[in-house]
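Okay, here's what each chain looks like letter by letter:
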Amino acid sequence: MPRDTTGLRHDTSASAPRAELDGADQELRARLSGAWTVEHASAVEQEIDALVAAAGDSGRALIDLSRIERLDTLGAWVLDRTRHEFGQKGLPADFVGAKPEHHILLNEVAYRGFQPATEKKRTGLVDVLADIGGAVVSAGQDFARGISTLGEIIAALVRVILVPSRFRLPALTNQLEQIAFRGVPIIVLISFLVGCIVAQQGIFQLQRFGAQTFVVNLVGILILRELGVLLTSIMVAGRSGSAFTAEIGSMKMREEIDALRVMGLDPIEVLIVPRVLALVIGLPMLAFLAAIAALVGGGLVAWIYGDIPPDVFLARLKATITFNTFMVGLIKAPFMALVIGVIASIEGVAVKGSAESLGQHVTSSVVKSIFMVIVLDGFFAIFFAAINY
Amino acid sequence: MARSPAANGADRSREAIIRVRELEVGFGERLILKKLDLDVYRGEILGFVGPSGQGKSVLTRAILGLNPKRGGSIEVFGEDLDGMSGESRKSVERRWGVLFQQGALFSALTVRQNVQVPMREYLKLSERLLDELAMLKIEMVGLKPDAADKLPSELSGGMIKRASLARALALDPEILFLDEPTSGLDPIGAGEFDELIATLQRTLGLTVFMVTHDLDSLYTVCDRIAALGDGRIIAEGPIDEMLASEDPWVRSYFHGKRARAVAGGIEG
């Protein structure tokens, strides 16, 4: 077994590859020298291209390898390919003077044709139409899958309620901590700021009519009915929906979900029910805190910019806000939570093997959740208006 | 594939391509490698064994620069990795190829694109040659050409190892690091993989550093074996020397029931 590999391997002293052509018209002689290796990859390609271009197309050729210092698979491949190409254009070529170790390498990489990479043909208009059609079909499938996943979650919930021993309290409390408790600071802060901004703009606009005290009505109704719950839902979709999809998705990638299934555990019951339940419980609590924080922000700005002292603010608030204003916001919250949970779990389960797929599904989980939350809020607005609540 | 030990391992005059001296690596309070010395000689296949959790992968990762070390020195190609500038460090990195235990293929790229990643990064080549070289490597490791356009998630465990080896070989490295290359392969597939490593080592003149638990690999392809225990090398040498070792772990490893079955199968 040849163990001495000095002729094959790199040492930095070797010179750049060169190909020189000489010889009579009928017998061409290509003298190669230097290092035909990856370090000189582009030089190898240039030298060979020049050689092929310079060679005629009759007679025969000898490729002299005796002065090649180093050779690796790249060099060997290019050389054997060149020999093949000479043959194709009617110039039978042979190697002469190859060192034994180079000979082994040339045999190992012997030239063969490869199928070029198959690329899908794209035709402009047809593709656009096909993409649109595909998007419509997949939207329909999304909707159907959403309904069926919702059904599965509810069925699993009912099973858990019927057999309370299967209920996973530690998982639920853990999720509640992640979704609700740890989300409090950022959600309260953002709601507070939005409350300030709404109140400030309200005061500036209403001042022109001398009606700046109405800013209390504006802030109270807007925040309690819409903004509190909407801001919270969007934040939760971004914060917890994405985490939820990423967790389930990476578990799917590593076959953890299959592992649960073969142990006789229902992944929906083990993974999805605690998370959805935690969302349904946690989101109303967060929405309540968000509304309070926004009212505090509004009150503060009203005091500073609008000279409405806190006691007046509170008295007016009490006069304009009824219990149902408060309830309108809160009733919506569990539904928002359900939408976020269902979308996040569908996207999580849909993750395929690659990291790219995980990224795509987390993105679409957040985008779809936020979109659906806003659409749902619109439906609720229409509904509450219709029943005069 | 039997080799005479005298021609390989016993010859200490050969050039050490990797030289590890007094290496110390630890996490937190725990010291994993304690003043470890190891030489890997040019052109050999070194099998690296040891109980699970004793730091075989840690040593590999320390040599590759993935785990920080606390003390000692690592020389590769005769240069100390510590005192190196970014550029020369890069030029060392393109002279070695690594096969990770789980393959570590880029999941968003096809096998062909995976193999082309290091080529595109380091070489200026025409698209045609890039494609041809990628296909050449893919065929060299024994994959069918139709595997080239598959994504890693569509490959079986054995195919992932082969594809990952093709990527490790993309730049014609001088040193090949293999982390448990045959784990998870069926015995026939593992045997073929061993054969492949030996063929590549012969034709390309590779130096192979192989972490393995596969006794078949140790018997058939490794020129020399080093055993890790308690943070240092407890025994090293060709298989005959390992069989004669007095160390209790090495004895039970090479004289256990499974080892006897392998040895019997190969000698008989």
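Definitions and limits used
- Residues numbered from 1 in each chain as written.
- Chains lettered and ligands numbered in written order.
- Predicted model: local features only at pLDDT ≥ 70, side-chain atom pairs only at ≥ 80, totals over all residues.
- Heavy atoms only, no water.
- Helix = DSSP H or I, 4+ residues; strand = E, 2+ residues; numbered from the N terminus.
- Rg over C-alpha atoms; globule rule 2.2 N^0.38 Å.
- Contact = heavy atoms within 4.5 Å.
- Areas by Shrake-Rupley, 256 points an atom, 1.4 Å probe, with all protein chains shown as cover.
- Domains from an automatic or database assignment.
- Buried area = accessible area lost by both parts, 1.4 Å probe.
- Salt bridge = Lys/Arg side-chain N within 4 Å of Asp/Glu carboxyl O.
- 1 Å grid on protein atoms, 1.4 Å probe; cavity = no way out; pocket = protein on both sides within 12 Å on 5 of 7 lines; lining within 4 Å.
- Points joined across faces, edges and corners; volume = space filled by probe spheres on them.
- Nonpolar A, V, L, I, M, F, W, Y, C, P; charged D, E, K, R; others polar.
- Buried < 20%, exposed > 50% of the residue type's maximum accessible area, 1.4 Å probe, protein only.
- Arc of directions from axis to C-beta.
- Phe/Tyr/Trp six-rings, centres within 6.5 Å; stacked < 30°, edge-to-face > 60°.
- Core = buried A, V, L, I, M, F, W, Y, C linked by side-chain atoms within 4.5 Å.
- Pairing = 2+ DSSP bridges.
- pLDDT = per-residue confidence, 0-100.
- Axes fitted to C-alpha atoms, helices over the stretch in contact; angles between N-to-C directions.

Undergrad: Give a detailed account of the overall build of chain B, specifying residues and quantitative values.
TA: A count of helical and extended segments in chain B gives 10 helices and 10 strands. By the compact-globule yardstick of 18 Å for 268 residues, chain B fits well, its C-alpha radius of gyration being 19 Å. Once the C-alpha set of chain B is aligned to its principal axes, its extents read approximately 55 × 50 × 35 Å. Looking at chain B alone, contacts between residues at least 24 apart form 67% of all its contacts between residues at least 6 apart. For chain B, the exposed area adds up to about 11100 Å²; of that, 51% sits on carbon and sulfur atoms.

Undergrad: Any details on the domain arrangement of chain B? Residues and values, ideally.
TA: All names here are of chain B. Taken as a whole, chain B is organised into domain 1 (33-95 + 178-268) and domain 2 (109-172). For domain 1 and domain 2, the distance between their C-alpha centroids amounts to 25 Å. Between domain 1 and domain 2, the residue contacts involve 15 residues of the former and 12 residues of the latter. For the pair domain 1 and domain 2, the two sides together bury roughly 1100 Å², of which 68% comes from carbon and sulfur. Considering only the side of domain 1, the residues that lose the most area to domain 2 are Arg-94, Phe-193 and Leu-196, jointly responsible for 43% of the buried surface there. The interface formed by domain 1 and domain 2 contains one salt bridge.

Undergrad: How would you summarise the environment of Ser354(A) if you had to cite specific residues and measurements?
TA: By the element assignment, Ser354(A) lies in the loop between α11 (323-349) and α12 (355-386). Sequence separation between Ser354(A) and Met253(A) is 101 residues, and the spatial gap between their C-alpha atoms is 7.8 Å. Discounting chain neighbours no more than four positions away, the residues touching Ser354(A) are Met253(A), Ser107(B) and Ala108(B).

Undergrad: Hey, could you go over empty space enclosed by the protein for me, with residue numbers and the actual values?
TA: Residues and elements named next belong to chain A. Applying the stated rule across the entire model yields three cavities of 30 Å³ or more. Its boundaries defined by the atoms lining it, the largest cavity holds a volume of some 80 Å³. Ile-223, Leu-224, Gly-228, Val-229, Ala-287, Phe-288, Ala-291, Phe-326, Gly-329 and Leu-330 are the residues that line the largest cavity. For the lining of the largest cavity, the secondary structure elements donating two or more residues are α7 (215-253), α9 (267-306) and α11. Its residues assigned to classes, the lining of the largest cavity shows eight nonpolar, two polar and no charged.

Undergrad: So what's going on with helix α3 (residues 100-108) of chain A? Residues and values would help.
TA: Buried within α3(A) we find Glu101(A), His102(A), Leu105(A) and Leu106(A). Taken around the axis of α3(A), the buried residues stretch over an arc of 140°, which confines them to a single face. Exposed residues lying more than 90 degrees from the buried face of α3(A) are Pro100(A) and Asn107(A). Looking at the buried side of α3(A), the elements it contacts are β3 (60-71), α2 (73-88) and β4 (93-96) of chain A together with α6 (187-204) of chain B.

Undergrad: Any details on the packing of aromatic side chains? Residues and values, ideally.
TA: Tallying each qualifying case throughout the model produces 11 aromatic pairs over all chains. When the centroid spacing of 6.1 Å and the interplanar angle of 40° are considered together, the rings of Phe323(A) and Phe326(A) count as tilted. Separated by three residues within a single helix, Phe323(A) and Phe326(A) lie in helix α11, roughly one turn from each other. Here Phe326(A) falls in the partly exposed class, since its relative accessible area comes to 22%. For the ring pair Phe48(B) and Phe209(B), a centre distance of 5.5 Å and an interplane angle of 35° mean the geometry is tilted.

Undergrad: Tell me what's going on with the pattern of salt bridges, and back it up with residues and numbers.
TA: Inspection of every chain in the model, using the stated rule, returns 33 salt bridges over all chains. A salt bridge links Asp377(A) to Lys332(A), with the nearest nitrogen and oxygen atoms 2.7 Å apart. Of this pair, Asp377(A) sits in helix α12 while Lys332(A) sits in helix α11, and the two are 45 residues apart along the sequence. For Asp377(A), a relative accessible area of 7% puts it in the buried group. In this structure, Glu192(B) and Arg162(B) form a salt bridge, with 3.2 Å as the shortest nitrogen-oxygen distance. Of the two residues, Glu192(B) is situated in helix α6 and Arg162(B) in helix α5 (residues 157-168); the sequence distance between them amounts to 30 residues.

Undergrad: Report on the environment of Ala199(A), specifying residues and quantitative values.
TA: Residues and elements named next belong to chain A. With respect to the helices and strands, the residue Ala-199 is situated in helix α6 (residues 184-207). Considered as a pair, Ala-199 and Ala-155 are 44 residues apart in the sequence and their alpha carbons are 45 Å apart. Those residues in contact with Ala-199 that sit more than four places away from it in its chain are Val-215, Val-219, Gly-298 and Val-301.

Undergrad: Mind laying out the side chain of Arg81(A), listing which residues take part and the relevant values?
TA: Residue position: Arg81(A) is located in helix α2. Residues within four places of Arg81(A) in sequence aside, it is in contact with Tyr111(A), Arg128(B), Leu129(B) and Glu132(B).

Undergrad: Go over the domain arrangement of chain A, please, and point to the residues and values.
TA: For chain A, the domain assignment lists domain 1 (18-108) and domain 2 (152-386). Measuring from the centre of the C-alpha atoms in domain 1 of chain A to the corresponding centre in domain 2 of chain A gives 70 Å.

Undergrad: So what's going on with the layout of surface pockets? Which residues, and what values?
TA: Approximately 830 Å³ is the volume found for the largest pocket. Looking at the largest pocket, it is lined by 25 residues, and the ones nearest its centre are Met253(A), Arg254(A), Gly353(A), Gln102(B) and Ile160(B). Mapped by element, the contributors of at least two residues to the lining of the largest pocket are α7 of chain A together with α5 of chain B. Take the lining of the largest pocket: its biggest share by element is four residues, from α5(B).

Undergrad: Requested: an account of the nonpolar core, with residues and values cited.
TA: Generally speaking, a soluble globular protein has its nonpolar side chains buried in company with each other. If you look at the biggest cluster of nonpolar residues, it comprises 86 residues, and the most contacted ones within it are Trp36(A), Leu79(A), Phe86(A), Leu165(B) and Phe254(B). Here this core gets eight residues from one element, more than from any other, and that element is helix α4 (residues 127-140) of chain B. Once residues within four sequence positions are removed from consideration, Trp36(A) is found in contact with Pro17(A), Arg18(A), Ala19(A), Val44(A), Glu47(A), Ile48(A), Ile68(A), Arg70(A), Leu71(A), Asp72(A), Gly75(A) and Leu79(A).

Undergrad: Give me the lowdown on the pairing of strand β7 (residues 175-179) of chain B, citing residues and values where you can.
TA: Across a regular strand the side chains alternate sides, sitting on one face of the sheet and then on the other. Residues and elements named next belong to chain B. With respect to burial, β7 is a largely interior element, five of its five residues being buried. What you see with β7 is no split at all: Ile-175, Phe-177 and Asp-179 on one side and Leu-176 and Leu-178 on the other are buried throughout. In the sheet, strand β6 (residues 96-99) pairs with β7 via four bridges, with the strands oriented parallel. Opposite Leu-99, over in β7, you have Leu-178 as the bridge partner. Of the strand pairs in this sheet, β7 and strand β8 (residues 207-211) are connected by five bridges, and their pairing is parallel.

Undergrad: Break down the confidence of the model for chain B for me, citing the residues and quoting the values.
TA: Caution applies to low-pLDDT parts of the model: their predicted coordinates are not meant to be read in detail. Residues and elements named next belong to chain B. With 93% of its residues at a pLDDT of 70 or more, chain B has an overall mean of 81. Every residue in residues 1-12 is under pLDDT 50, and counting partners more than four places away or in other chains gives 20 contacts. Here the complex is predicted with pTM 0.71, and the ipTM for its interfaces comes to 0.73.

Undergrad: I'd like to hear about the sheet that holds β8(B), residue by residue, with values.
TA: Residues and elements named next belong to chain B. One open sheet holds the six strands; their spatial order is β6-β7-β8-β3-β9-β10, and the pairing between them is mixed. At either margin of the open sheet sits one strand with a lone partner, and together these are β6 and β10 (232-237). Averaged over neighbouring strand pairs, the angle between their axes works out to 15° when direction is ignored. Across the face of the sheet, helix α1 (residues 56-64) comes into contact with β3 (45-49), β6, β7, β8 and β9 (224-229) while running at roughly 145° to β8.

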